[in-house]
Amino acid sequence: RPFHVEPTNIVSVNDDMQRVTDEASAMNKRIHYYSRLTSPADRALIAPDHVLPAPDEIYVYSPLGTAFKVDSCTDGYGKNSSLVTIFMIWNTMMGTSILSIPWGIKQAGFTSGIILILLMGILTLYCCYRVVKSRQMIPLTDTSNWEFPDVCKYYFGSFGQWSSLLFSMVSLVGAMVVYWVLMSNFLFNTGKFIYNFVHDINVTDIVPGTNGSNKVICPGAASDQPPQNRSVMFSSGNRTGFELFEQWWDKSQTVPFYLIAVLLPLLNLKSPSFFAKFNVLGTVSVVYLVFLVTVKAAHLGIHLEFNWFTENEFFVPEFRILFPQLTGVLTLAFFIHNCVITLLQNNKNQENNVRDLSIAYFLVGLTYLYVGVIIFASFPSPPLSKECIEQNFLDNFPSDDIMSFVARIFLLFQMMTVYPLLGYLARVQLLRQFFGNAYPSLFHVLILNLAIVGAGVAMARFYPNIGGIIRYSGATCGLAFVFVYPSLIYMISLHRAGQLTWPALIIHIFIILLGLANLIAQFLL
């Protein structure tokens with residue numbers, strides 16, 4: 001009698017084979033992704049050991065420099081649960097922009113600021129959804145290993161390839177410049193706090209501010225005051241040593257140059273993968289900032305007055321013509337479009353990608369709203385004006401504020417570990433395109449790093465305005481990756497399929513015009 005195979009057994013065998021095939025496919029995708037990020041001689045991102053034997057350990061590298069490992073969070077076949085996917089997207093998007101959100105709300109007005117955060121979140125989410133779908137609309141047998149720059153190259157040829165490289169470099173270098181400005185700020189305030197504490201020095205600057213244990217200051221109002229307008233009390237030491245410290249420890253004149261001695265050698269390392277281990281500090285920093293904001297608001301109370309179109313001494317109108325400054329910041333705050341495909345491709349249930357992406361965007365928007373609204377609402381007006389809210393809201397707390405000191409320490413260390421990763425990704429993207437090698441020689445790498453570091457030092461020295469830098473770089477790279485490319489690719493794919501309609505054409509042209517207007521407005525306001 002011929003051997004009889006039950007249909008249920010056939011199904012079981014087929015399921016097992018399919019599961020093994022899926023596992024191998026997922027593994028190959030990960031190996032391919034790592035190998036594309038670097039040259040064969042440089043093993044910083046080439047198929048780490050954890051990729052092959054242990055699919056439950058995953059490193060995620062974003063073009064913005066976030067790198068973190070998720071341990072024991074997969075299903076055993078290299079796939080992430082929806083919860084892990086949502087967390088990775090949230091963790092990747094949360095960055096330095098959170099420090100400038102309160103300032104952006106002040107520039108736009110309280111009511112219009114809240115509305116713009118919601119609208120920009122929805123708009124960038126839709127464009128991100130279009131990025132995710134763009135690869136699926138290509139009529140090729142296998143595009144599973146493609147990233148968004150590959151999609152741009154497919155539709156726009158070499159122009160798409162080089163332009164995506166250009167705008168990606170804008171986002172990377174812009175992030176590195178912002179990091180240098182912030183690191184200079186945090187290092188200056190940290191050093192000042194430690195020196196005054198060790199030498200038991202009490203410095204009272206003549207800066208408008210509140211009294212009490214939860215002091216809030218207005219540094220901008222004191223920018224024109226001479227340095228003699230302060231009182232200094234010495235319990236130990238002498239005035240000469242203090243004045244010498246003040247001379248050699250200046251936020252814009254000296255501290256940005258001190259960072260070169262630490263960070264330039266780290267940028268020249270062939271493998272920066274060691275620093276990825278510390279990126280959990282990014283999550284810790286954001287959580288601590290939320291905690292700091294909550295505690296400060298509980299002590300300061302709520303100070304709001306609704307003036308819809310008129311401005312008075314202490315409050316700003318609800319709607320202001322400077323609102324594009326907030327949209328520029330938000331473009332970078334919600335920017336994940338050039339790495340979202342990578343983050344979603346290991347989602348266990350691909351049919352949940354849209355849902356998980358939407359939840360992640362909702363959580364990011366909620367975090368920005370909470371920090372921005374609470375800082376703006378609790379800012380003590382009167383006696384201070386809302387105009388005093390700084391581009392980095394931590395600057396509104398004096399250097400001797402303990403909670404702000406801890407926040408600066410967290411952020412300083414976290415940024416010093418992320419900065420080499422950003423430099424590495426910039427090196428990989430640029431030098432591989434021109435020389436076919438991410439590390440052609442120490443000379444090539446040193447020249448590139450000197451240019452990047454020089455840009456950071458120059459900005460920290462002459463234009464230490466992180467809100468301005470963020471909005472310019474965000475509007476520039478966002479024009480391509482958020483507004484133009486996703487909309488054009490969607491319209492082209494619909495046209496080729498004969499499904500392009502007038503409503504779809506008008507809507508997506510309007511989105512492109514919004515991105516263009518957002519960029520132009522940054523230079524006009």
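In this text the structure is predicted, and so the values were computed from the model without any measurement. (Residues numbered from 1 in each chain as written. Predicted model: local features only at pLDDT ≥ 70, side-chain atom pairs only at ≥ 80, totals over all residues. Heavy atoms only, no water.)

Concerning the state of the cysteines
Overall, the coordinates contain 1 disulfide when judged by the stated rule. The partner cysteine of Cys218 in its disulfide is Cys388, sulfur to sulfur 2.1 Å. Looking along the S-S bond of the Cys218-Cys388 disulfide, the torsion reads about -80°, which is the left-handed sense. Here Cys218, found in the loop between β3 (201-205) and β4 (230-234), pairs with Cys388, found in the loop between α11 (353-378) and α12 (402-435); they are 170 residues apart in sequence, far enough to count as distant. Across the pair, Cys388 and Cys218 agree in class, each one buried. Between Cys127, a free cysteine, and Cys128, which holds the nearest cysteine sulfur, the sulfur-to-sulfur gap is 8.7 Å. (Disulfide = S-S within 2.5 Å. Helix = DSSP H or I, 4+ residues; strand = E, 2+ residues; numbered from the N terminus. Buried < 20%, exposed > 50% of the residue type's maximum accessible area, 1.4 Å probe, protein only.)

Some details on helix α15 (residues 502-524)
Here α15 is 23 residues long and its end C-alpha atoms lie 32 Å apart, about the 33 Å a rise of 1.5 Å per residue gives. Within the span of α15, buried status applies to Ala504, His508, Ile511, Ile512, Gly515, Asn518, Leu519, Ala521 and Gln522. Tucked inside the fold, the buried residues of α15 contact α4 (110-136), α9 (324-333) and α14 (466-496). (Expected span 1.5 Å × (residues − 1). Contact = heavy atoms within 4.5 Å.)

Considerations on the packing of helix α2 (residues 82-93) against α11
The N-to-C vectors of α2 and α11 enclose an angle of 40°; their axes lie 9 Å apart at closest approach. Compared by their axis directions, α2 and α11 come out oblique. When the axes of α2 and α11 are compared, the crossing they make is right-handed. Contacts from Ser82, Ile86, Ile89, Trp90 and Met93 in α2 reach Arg355, Asp356, Leu357, Ile359, Ala360, Tyr361, Leu363, Val364, Thr367 and Tyr368 in α11. Residue composition of the contact of α2 with α11, grouped by class: 11 nonpolar, 2 polar and 2 charged. (Axes fitted to C-alpha atoms, helices over the stretch in contact; angles between N-to-C directions. Parallel < 35°, antiparallel > 145°, perpendicular 65-115°, else oblique. Left-handed = near helix turned anticlockwise from the far one by under 90°. Nonpolar A, V, L, I, M, F, W, Y, C, P; charged D, E, K, R; others polar.)

Notes on the pattern of salt bridges
Scanning the entire structure with this criterion turns up 4 salt bridges. Across the pair Glu387 and Lys106 runs a salt bridge whose closest N-O atoms are separated by 3.7 Å. With Glu387 in the loop between α11 and α12 and Lys106 in helix α3 (residues 101-108), this pair connects stretches of sequence that are 281 residues apart. On the basis of relative accessible area, Lys106 is assigned to the buried category, the value being 5%. (Salt bridge = Lys/Arg side-chain N within 4 Å of Asp/Glu carboxyl O.)

What about a nonpolar patch on the surface?
Together, Ile115, Leu119, Ile122, Ile302, Leu304, Phe306, Trp308, Phe309 and Phe319 make up an exposed nonpolar region whose accessible area comes to about 960 Å². Within the element layout of this structure, Ile115 appears in helix α4. (Patch = residues over 30% accessible without salt bridge, like charges linked within 9 Å, V, L, I, M, F, W, Y side chains within 5 Å. Areas by Shrake-Rupley, 256 points an atom, 1.4 Å probe, with all protein chains shown as cover.)

Section: the environment of Ile217
Within the fold, Ile217 resides in the loop between β3 and β4. Residue Ile217 is classed as buried on the basis of its relative accessible area of 14%. Considering only alpha carbons, one finds Ile217 and Phe379, 162 residues apart in sequence, at a separation of 9.9 Å. Once residues within four sequence positions are removed from consideration, Ile217 is found in contact with Val207, Pro208, Gly209, Phe379, Leu384, Asp395, Asn396, Phe397 and Pro398.

Here we look at the environment of Tyr424
Tracing the sequence through the fold places Tyr424 in helix α12. You can call Tyr424 buried: its relative accessible area is 2%. In this structure the C-alpha to C-alpha distance between Tyr424 and Asn449, which are 25 residues apart in sequence, comes to 9.5 Å.

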